[in-house]
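Residue-level structure breakdown
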Amino acid sequence: MGSITLQNVSKTFGEAKVIPNINLEINNGEFVVFVGPSGCGKSTLLRLIAGLEDISGGKILIDGADATDKKPSERGLAMVFQSYALYPHMSVRSNIGFPLKMAGMDKAEIDRKVTDAARILNLTDYLDRKPRQLSGGQRQRVAIGRAIVRSPRCFLFDEPLSNLDAALRVNMRLEISELHQKLGATSIYVTHDQVEAMTMADKIVVLNRGNIEQVGSPLELYRNPANLFVAGFIGSPKMNLISGSVAQQHGAHTIGIRPEHVTLSTTEGAWKGKVTIAEHLGSDTFLHADVEGIGPITARAGGDFPVRHGETVFITPDASRIHRFNDKGMAA
Ligand SMILES: Nc1ncnc2c1ncn2[C@@H]1O[C@H](COP(=O)(O)OP(=O)(O)OP(=O)(O)O)[C@@H](O)[C@H]1O
Ligand SMILES: [Mg+2]
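Residues numbered from 1 in each chain as written. Chains lettered and ligands numbered in written order. Predicted model: local features only at pLDDT ≥ 70, side-chain atom pairs only at ≥ 80, totals over all residues. Heavy atoms only, no water.

1. Considering the overall build of the protein
Within the protein one finds 9 helices and 18 strands. When burial is assessed residue by residue, the protein has 48% of its 332 residues classed as buried. Sequence separation of 24 or more characterises 64% of the internal contacts of the protein that already satisfy a separation of 6 or more. When the accessible surface of the protein is totalled, it reaches about 16,000 Å², and 48% of it is carbon and sulfur. Of the charged side chains in the protein, 37 are positive and 35 negative, and the gap between their average positions amounts to 5 Å. (Helix = DSSP H or I, 4+ residues; strand = E, 2+ residues; numbered from the N terminus. Buried < 20%, exposed > 50% of the residue type's maximum accessible area, 1.4 Å probe, protein only. Contact = heavy atoms within 4.5 Å. Areas by Shrake-Rupley, 256 points an atom, 1.4 Å probe, with all protein chains shown as cover. Lys, Arg positive; Asp, Glu negative; His and termini not counted. Charge placed at Lys NZ, Arg CZ, Asp CG, Glu CD.)

2. So, the sheet that holds strand β9 (residues 203-208)
Pairing is mixed across the open sheet formed by 6 strands, whose spatial order is β6-β7-β8-β3-β9-β10. Edge strands, defined here as strands with exactly one partner in the open sheet, are β6 (77-80) and β10 (211-216). Direction aside, neighbouring strands of the sheet carry axes that sit 15° apart on average. Examined bridge by bridge, strand β7 (residues 154-158) and strand β8 (residues 186-191) share 5 bridges and lie parallel to one another. Paired with F155 across the bridge in β8 is S187. Most of the contacts of helix α4 (residues 136-148) go to β6, to which it runs at about 170°, and overall it touches β6 and β7. (Pairing = 2+ DSSP bridges. Axes fitted to C-alpha atoms, helices over the stretch in contact; angles between N-to-C directions.)

3. Let's talk about the site of ligand 1
Taken together, F13, V18, P37, S38, G39, C40, G41, K42, S43, T44 and E159 are the residues near ligand 1. Contact distances for ligand 1 include 2.6 Å between an oxygen atom and a side-chain N or O atom of S38. K42 places a polar side-chain atom, nitrogen or oxygen, 2.8 Å from an oxygen atom of ligand 1. Contact with the protein chains removes 56% of the 640 Å² of surface that ligand 1 exposes when unbound. With 3 residues, the top contributor of residues to the shell around ligand 1 is helix α1 (residues 42-50). Residues that form the shell around ligand 1 fall into these classes: 4 nonpolar, 5 polar and 2 charged. (Near = heavy atom within 4 Å. Polar contact = N/O pair within 3.5 Å; in protein donor to acceptor, adjacent residues only side chain to side chain. Nonpolar A, V, L, I, M, F, W, Y, C, P; charged D, E, K, R; others polar.)

4. A look at the sheet that holds strand β14 (residues 271-280)
Ordered in space as β13-β17-β14-β15-β16, the 5 strands form an open sheet in which the pairing is antiparallel. The two strands at the open ends of the sheet, each matched to only one other strand, are β13 (262-265) and β16 (295-302). Sheet twist, expressed as the average angle between the axes of neighbouring strands with direction ignored, equals 40°. Sheet topology places β14 next to strand β17 (residues 312-317); 4 bridges connect them, and they run antiparallel. The residue of β17 that forms the bridge with G273 is V313.

5. Comments concerning the side chain of T298
Turning to its location among the elements, T298 is positioned in strand β16. Reaching out from T298, the side chain makes a polar contact with the side chain of H288 at a distance of 3.3 Å. Excluding residues that lie within four positions of it along the chain, T298 makes contacts with P237, N240, P259, L287 and H288.

6. Description of the domain arrangement of the protein
Considered domain by domain, the protein is made up of domain 1 (4-231) and domain 2 (238-325). Computed over C-alpha atoms, the centres of domain 1 and domain 2 are 38 Å apart. Of the residues lining the interface, 7 residues belong to domain 1; the matching set on domain 2 comes to 9 residues. Taking both partners together, domain 1 and domain 2 bury about 650 Å²; carbon and sulfur atoms supply 60% of that area. When residues of domain 1 are sorted by the area they lose upon contact with domain 2, Y222, L228 and A231 head the list and together hold 77% of the total. (Domains from an automatic or database assignment. Buried area = accessible area lost by both parts, 1.4 Å probe.)

7. As for the UniProt feature "domain: ABC transporter" (unreviewed entry) in the protein
According to UniProt, the feature "domain: ABC transporter" (unreviewed entry) maps to residues 4-234 in the numbering used here. When the span residues 4-234 is considered, its composition is 36% helix and 26% strand, and the gap between its end C-alpha atoms is 25 Å. (UniProt positions renumbered as here; feature names shortened; annotations may be inferred.)

8. Overview of the layout of surface pockets
The volume enclosed by the largest pocket comes to roughly 540 Å³. Forming the walls of the largest pocket are 20 residues, and the residues nearest its centre are M79, F81, P99, R146 and R150. Counting residues per element, the lining of the largest pocket draws most heavily on β6, which supplies 4 residues. For the lining of the largest pocket, the per-class residue count stands at 17 nonpolar, 1 polar and 2 charged. (1 Å grid on protein atoms, 1.4 Å probe; cavity = no way out; pocket = protein on both sides within 12 Å on 5 of 7 lines; lining within 4 Å. Points joined across faces, edges and corners; volume = space filled by probe spheres on them.)

9. Points about helix α5 (residues 166-183)
Between its first and last C-alpha, α5 extends 26 Å over 18 residues, near the 26 Å set by a 1.5 Å rise per residue. Taken together, the buried positions of α5 are occupied by M172, R173, I176, S177, L179 and H180. The buried residues of α5 occupy one face: seen down the axis, they fall within an arc of 160°. Away from its buried face by more than 90 degrees, α5 exposes A167, L174, Q181 and K182. Against the buried residues of α5 lie β3 (31-35), α3 (107-120), α4, β7, β8 and α6 (194-200). Two or three places before A167, at the start of α5, stands the capping residue D165, its side-chain oxygen 3.2 Å from that residue's backbone nitrogen. Immediately beyond the C-terminal end of α5, within one or two residues, lies G184, with a positive phi of roughly 70°. (Expected span 1.5 Å × (residues − 1). Arc of directions from axis to C-beta.)

This is the structure in structure tokens:
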């Protein structure tokens, strides 16, 4: 069990309406990612669900029952924070078992649960170490272990990987996805990183200024962004957004074309531009070009595309992959 429903949820801090009005359905077993820019209300929304903040209006249902006035400990949820907040003087074993000890569980049962969690997280060999004797990724796993032992209905993650270096982040991302497949518990994961959102989520909730811009699977958002905000936020490098006469020719106020949905040539094509920067990643080349009559455009080419800074390049958008938006910024 672990479905969560938000009904007209709002949150005000003093004068500031941080969450105006949110309705959202999270199904049992789903991996849901809240993504959006810094300050858009992701952590606040997670803390409202956890019960760490009181909501200003609306209702939160957990497994169909009103949980709005329940204490955090009564909600059956477990939160993993960005700062792991481990107790430095306690062993990994004691850190993981701590919430169970606080709940008064007997020692043999705690031992069994800690051993289980350590096995799932590959921490068995580290149980007698102190947090300072662990790497960042291992510490993060201890923090997750402390959530697992409580067998929560739902895991709440608030940017759990942002303290880790890039390589470790990719590893831990995979580990958390695998863990989700193993445990099958509902998970809500907050991040400002759209790559994390795309790679981990069953369902992405794109937030902007406390409002939901769109909810959908990663590929739904990628293929059919509902508005300019989602179009610009999901996908890397960003979708090119073009207004003016070129957009009007396509019957739109603004058109969008992703860098990977163009054909490049050094001899002919729809748009003629000059390469301002060529980023060679090996597998891909990202060309930034200044196109006549349009302005800056980013295009993805193969790793060995020959063009360099200052040279001429022709860019032809794939007509079937052009996104159209009206003057309100909504997909048209
Ligand atoms: N206790 C508080 N009192 C007043 N304002 C707050 C409080 N907590 C958060 N806010 C404000 O609410 C807004 C949303 O904050 P929140 O922490 O939810 O953002 P976020 O999306 O998690 O951002 P980040 O990606 O930077 O963590 C911000 O403008 C923030 O300043
Ligand atoms: Mg936050």
